[in-house]
Amino acid sequence: MTSTRPDPTLQPLLKNHPNLSYEGSKGLVMDGTSLTDIASQHGTPCWVISADTLRHRANTLKDAFKARNLPVHCHFAVKAQDHQACLTVLAQCGFGADVVSGGELRRALAAGIKAQDIVFSGIGKTDEELELAVQHQIGQINVESVEELHRLDALARKMQRRARIAFRVNPDIDAKTHSKITTGRAEDKFGIAHDVIPALYRKTQTEMSGVELVGLAVHLGSQMVTDGPFRKGYERIASLVHTLRADGLRISDIDCGGGLGIPYRDETAPPPSMLAEVIAETLGDLDVQLHIEPGRWLAAPSGVLLARVIDVKDAARRFIIIDAGMNDLVRPAMYDSWHGILPLHTPENMEAGDVVDVVGPICESSDIFARQRHLPPLKKGDLVALLDAGAYGTVMSSTYNSRPLAAQVMIGGGKQAVIRKRQTLDELLAQEAVPDWLLHT
Ligand SMILES: *Cc1c(COP(=O)(O)O)cnc(C)c1O
């Protein structure tokens, strides 16, 4: 995001990323693995995800709730990072999954996450997707509208099943984040307006036999870095719970959503202990099973995107042109987001450097990773890492400009493995067909 604060230099950036450090001739090292080695073995652009960091963060998050004696079911938001190897790591840490499509549901199951530990959110679930969820008897479907409720109820009755559901509440609260990732205001497309919930809740629990309504869900937005909106949102949910119970209705589960932010730049992002505290204070006494759905906080700092400098172009500005583009990592172009950039070689001087624009090779003016950034001198052939690329990175990649999808490597416990091969141009072209009738005219 645009800001008048000076960019952090390398030192504070490293301080915010304890899984990264410079080790002399090895250069930048992530959880013990030299990123230069990875780039030379697998080429660039290349995603690297650390199973160690992912596991560490999953445990830190769980411990924050344990420390407050607050039992919570954790569901990883698959949309942030959907690779089955990552889902496997999180499943081993006791995480379920929050999915937003039939594809993600299939992935979660394929990675060994039990159906009962899966929550299905999503504003536009098709009949086929709802059917898949009902058929697998997943833990919970978060219903986003009256229309979806009726569709699901009819469908489940036809299948002679009863789907476990919660109502996704739109609490009409501004998450104070980028407008493209705020979801809890009345004008946003998500959820059911909080003022119509009580009547609908009664009707559902008393009249609908295809669904078992167990509670409420809320998700306010993403990259939230203050506790205020969380607190307001959960207070609104707590007051709804009191209203519903006063009305004699049953409520056993509350899904608190995701949204916890991270310090991409120099944000003072609150730790998971803040989230645990706010949830404990607002919902802790309600005698309900609590759920959370974090995505970004777990995955973003676990991944980097490696790229090589194609050219240094000296024009009105100095442009560092790298071989990763917005087709790989779209966040800066889509959300004006700021990503730390570090050279992979150990810089001679952490403070000295040039003011440069770091840009990708795509033919779009928005293909820019950093503007007027103070970086150690970079020349053609040098390698860099774009930080915090583990969430909303690979999952949003495209092949725009006929650029094959980049390779993905997982590191962990001193080992490494390619978890997705670099797509080849042949594979890219092989997916297309030219109709016969075009050729025989
Ligand atoms: C995107 C999303 C999440 C995860 O959000 P993060 O900001 O990545 O934690 C959780 N729940 C729902 C319903 C979502 O849409």
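Not measured: the values here are computed from a predicted model.

> Looking at this structure, I do not really get the site of the ligand. What am I missing?
In the neighbourhood of the ligand, 14 residues make up the surrounding shell, with K79, S222, E293, R296 and Y392 lying closest. A distance of 2.3 Å separates an oxygen atom of the ligand from a polar atom in the side chain of S222. A distance of 2.5 Å separates a nitrogen atom of the ligand from a polar atom in the side chain of E293. Its free accessible area being 390 Å², the ligand has 94% of it covered by the protein chains. When atom positions are compared with the pocket grids, the ligand is found to occupy the largest pocket.

> Got a minute to help me understand the domain arrangement of the protein chain in this structure?
For the protein chain, the assigned domains read domain 1 (10-50 + 300-430) and domain 2 (68-294). Taking only C-alpha atoms, the centre of domain 1 and the centre of domain 2 are 33 Å apart. Domain 1 puts 24 residues into the contact, and the matching count from domain 2 is 16 residues. Taking both partners together, domain 1 and domain 2 bury about 1700 Å²; carbon and sulfur atoms supply 58% of that area. Considering only the surface of domain 1 that becomes buried against domain 2, Y335, W338 and Y392 emerge as the three largest contributors, covering 32% of it.

> Where do I start with the UniProt feature "binding site: substrate" (unreviewed entry) in the protein chain in this structure?
Under the UniProt annotation, "binding site: substrate" (unreviewed entry) lies at R296, R331, Y335, E364 and Y392. These annotated residues cover 97 residues of sequence, and their C-alpha atoms sit far apart, with the largest distance between any two at 26.6 Å. Put simply, the named residues that line the largest pocket are R296, Y335 and Y392. On the secondary structure map, Y335 appears in helix α12 (residues 331-335). The class of Y335 is buried, set by a relative accessible area of 11%. When near neighbours in sequence (up to four residues on either side) are disregarded, Y335 contacts H178, K180, I181 and M396.

> I keep staring at the layout of surface pockets and nothing clicks. Help me out?
In this approach, a probe sized like a water molecule rolls over the atoms, and the result shows the empty space that is left. Its volume calculated, the largest pocket comes out at about 530 Å³. For the largest pocket, the lining is made up of 31 residues, of which K79, V100, T183, F190 and H219 are closest to its centre. In terms of residue class, the lining of the largest pocket is made up of 13 nonpolar, ten polar and eight charged. Two domains share the lining of the largest pocket, each providing at least three of its residues, namely domain 1 (10-50 + 300-430) and domain 2 (68-294).

> Would you mind showing me how to read unusual backbone geometry here?
Most peptide bonds adopt trans geometry, and most residues besides glycine take a negative phi value. The step from T44 to P45 runs through a cis peptide bond, and the omega angle for that step is -10°. With respect to the helices, strands and loops of the structure, P45 is situated in the loop between α2 (35-42) and β4 (46-50). Here Q223, not a glycine, exhibits a phi torsion of approximately 50°, which is positive. By the element assignment, Q223 lies in the loop between β11 (211-217) and α9 (228-246). For Q223, a relative accessible area of 9% translates into the label buried. If you check the backbone angles, N401 has positive phi at about 70° while not being a glycine. Inspection of the secondary structure assignment puts N401 in the loop between β19 (383-386) and β20 (407-412).

> Any chance you could explain the packing of aromatic side chains here in plain terms?
The description of an aromatic ring pair rests on the distance of the ring centres and on the angle between the ring planes. One pass over the structure, following the stated rule, counts two aromatic pairs. Pairing F167 with Y201 gives two aromatic rings, centres 5.8 Å apart and planes at 85°, and the pair type is edge-to-face. Here Y201 lies in helix α8 (residues 197-207) and F167 lies in strand β9 (residues 163-170), a separation of 34 residues in the sequence. Comparing F167 with Y201, the two get one shared label, buried. Centre to centre, the rings of F230 and Y234 are 6.1 Å apart; their planes meet at 40°, and the pair counts as tilted. One end of the pair is F230 and the other is Y234, both in helix α9 and four residues apart, which spans about a single turn. Of the two residues, F230 and Y234, neither departs from the other in class, the shared state being buried.

Conventions used here
Residues numbered from 1 in each chain as written. Predicted model: local features only at pLDDT ≥ 70, side-chain atom pairs only at ≥ 80, totals over all residues. Heavy atoms only, no water. Near = heavy atom within 4 Å. Polar contact = N/O pair within 3.5 Å; in protein donor to acceptor, adjacent residues only side chain to side chain. Areas by Shrake-Rupley, 256 points an atom, 1.4 Å probe, with all protein chains shown as cover. 1 Å grid on protein atoms, 1.4 Å probe; cavity = no way out; pocket = protein on both sides within 12 Å on 5 of 7 lines; lining within 4 Å. Sits in = over half its atoms within 2 Å of the grid points. Domains from an automatic or database assignment. Contact = heavy atoms within 4.5 Å. Buried area = accessible area lost by both parts, 1.4 Å probe. UniProt positions renumbered as here; feature names shortened; annotations may be inferred. Helix = DSSP H or I, 4+ residues; strand = E, 2+ residues; numbered from the N terminus. Buried < 20%, exposed > 50% of the residue type's maximum accessible area, 1.4 Å probe, protein only. Points joined across faces, edges and corners; volume = space filled by probe spheres on them. Nonpolar A, V, L, I, M, F, W, Y, C, P; charged D, E, K, R; others polar. Phe/Tyr/Trp six-rings, centres within 6.5 Å; stacked < 30°, edge-to-face > 60°.

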